[in-house]
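Commentary on secondary and tertiary structure
Below, each chain spelled out in residue letters.
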Amino acid sequence: MLGGAPPNIHHVGDVPSTMEAAREMLAAAKGAPFAVLAESQSKGRGTGGRVWTSPKGNLYFTLCIPEASVRPEITPVLPLVTGLVCREAIKSIVKGADVHVKWPNDIIYDSKKLGGSIVEAEGNYLLIGIGMNVELAPPVTDSGRDTTTVNDIAAAVGQPKVTPVQLAEAVWKQYFEVLSDTTLSRKVIVMNFEAAMDKSLILHRRTPTGRDPEPLRAVRLNEWGHLTVLKSDGTEETLLTEYLF
Ligand code: BTN
């Protein structure tokens, strides 16, 4: 039963990237779920090939989930599941943290970026890479969006500091609870993500060289988790796979 899977987290020191460290461990895992938690990364990767600055103090986590454990209905919205899981994990430790998500893969607090995720497939596994600022807020190459940390939130709501290990264990628990809930439909995941989005954010499309100046606002998600945005000329457009600043 996935929901009760005890955390099987490999703790490593400095690695180029937990995505590649996880890949090297796949064969030995023999189809069981596991995760890699690194202290720091020298070649951390973000979405769109961007650098994910990874000093010691933050969370660098890759969950390796056997593909067969993910119902096909859920697979297309796994980035949304990941955002929701990270939000719940933070809220389960920092009570009262008003954390939001930004489509499709960001975790947001007070309009600032807290973290993000990437999903990759390898062999019979899905690799879910999660980076969250716990103690340090490195300037992300995020074209203007400020960054913040889980411990800034903890301080703001008068709660004790959080460690990356605590957060990783909470993410593991939440992730496997979600995956083992066979009643959870894609529709409900999309609804929950939409409810957790910060719709007040001004968004920008990413371009190969930076960001498109046109301001966009998130309006709603469709049943596949695609985002409809409101453009500056008052028309709407549904985005399929784009990343936004
Ligand atoms: C984003 O661009 O918002 C996604 C960032 C994902 C970073 C994490 S840190 C752990 C894992 N290892 C990596 O090299 N990237 C992901």
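Residues numbered from 1 in each chain as written. Predicted model: local features only at pLDDT ≥ 70, side-chain atom pairs only at ≥ 80, totals over all residues. Heavy atoms only, no water.

An unreviewed UniProt entry lists the protein under the name Biotin/lipoate protein ligase, from Trypanosoma conorhini.

**Digging into the domain arrangement of the protein**
What counts here: Domain delimitation in this document rests on an assignment produced automatically or drawn from a domain database. The contact definition used throughout considers only heavy atoms, calling two residues in contact when any of these lie within 4.5 Å. Two parts placed together each lose some accessible area under a 1.4 Å probe, and the buried area is that loss summed for both. Should a side-chain nitrogen of Lys or Arg be within 4 Å of a carboxyl oxygen of Asp or Glu, the pair is scored as a salt bridge. Polar contacts, as used here, are pairs of N or O atoms within 3.5 Å; protein pairs need one atom able to donate a hydrogen and one able to accept it. Residues neighboring in sequence count only if both atoms are side-chain atoms.
According to the domain assignment, the protein contains domain 1 (9-195) and domain 2 (200-239). Computed over C-alpha atoms only, the centres of domain 1 and domain 2 are separated by 23 Å. At the junction of the two partners, domain 1 supplies 17 residues and domain 2 supplies 16 residues. Together, the buried faces of domain 1 and domain 2 total about 1300 Å²; carbon and sulfur atoms form 58% of this surface. Taken together, domain 1 and domain 2 are joined by 1 salt bridge. Salt-bridge contacts for Arg186 lead to Glu223; the nearest nitrogen and oxygen are separated by 3.6 Å. Viewed at the interface, domain 2 and domain 1 are joined by 4 residue pairs in polar contact (both at pLDDT 80 or more).

**Quick look at unusual backbone geometry**
Our working definition: Secondary structure elements are defined from DSSP: runs of H or I of at least 4 residues count as helices, runs of E of at least 2 residues count as strands, and each element is numbered from the N terminus.
Geometrically, the link from Trp103 to Pro104 is a cis peptide bond, its omega value of -5° lying close to zero. For Pro104, the location among the structural elements is in the loop between strand S4 (100-102) and strand S5 (106-109). Non-glycine residue Asp110 carries a positive phi angle of around 55°. Among the structural elements, Asp110 can be located in the loop between S5 and strand S6 (112-122). Here the phi dihedral of Ser111 falls at roughly 65°; this positive angle occurs in a residue that is not glycine. Relative to the helices and strands, Ser111 is located in the loop between S5 and S6.

**Things to note about the sheet that holds strand S3 (residues 59-66)**
This is how it is decided: Only strands that DSSP links by at least two bridges are regarded as paired with each other. Only the stretch in contact is used when fitting a helix axis, every axis being a line fitted to C-alpha atoms; angles between N-to-C directions are given from 0 to 180 degrees.
Read from one edge of the open sheet, 7 strands run S1-S2-S3-S7-S6-S5-S4, paired in mixed fashion. Strand pairing shows two members of the sheet lacking a second neighbour, strand S1 (9-15) and S4, which therefore form its edges. Within the sheet, the average angular offset between the axes of one strand and its neighbour, ignoring direction, is 25°. Where S5 lies against S6, 4 bridges are found, and the strand directions are antiparallel. Bridge pairing in S6 links Asp106 to Gly116.

**A few points about the environment of Ile189**
Its location among the elements puts Ile189 in helix H5 (residues 186-196). Residues Ile189 and Trp224, 35 residues apart in the sequence, show an inter-C-alpha distance of 9.9 Å. Every residue in contact with Ile189, bar those within four places of it in the chain, is listed here: Ile74, Val77, Leu80, Val81, Leu84 and Leu184.

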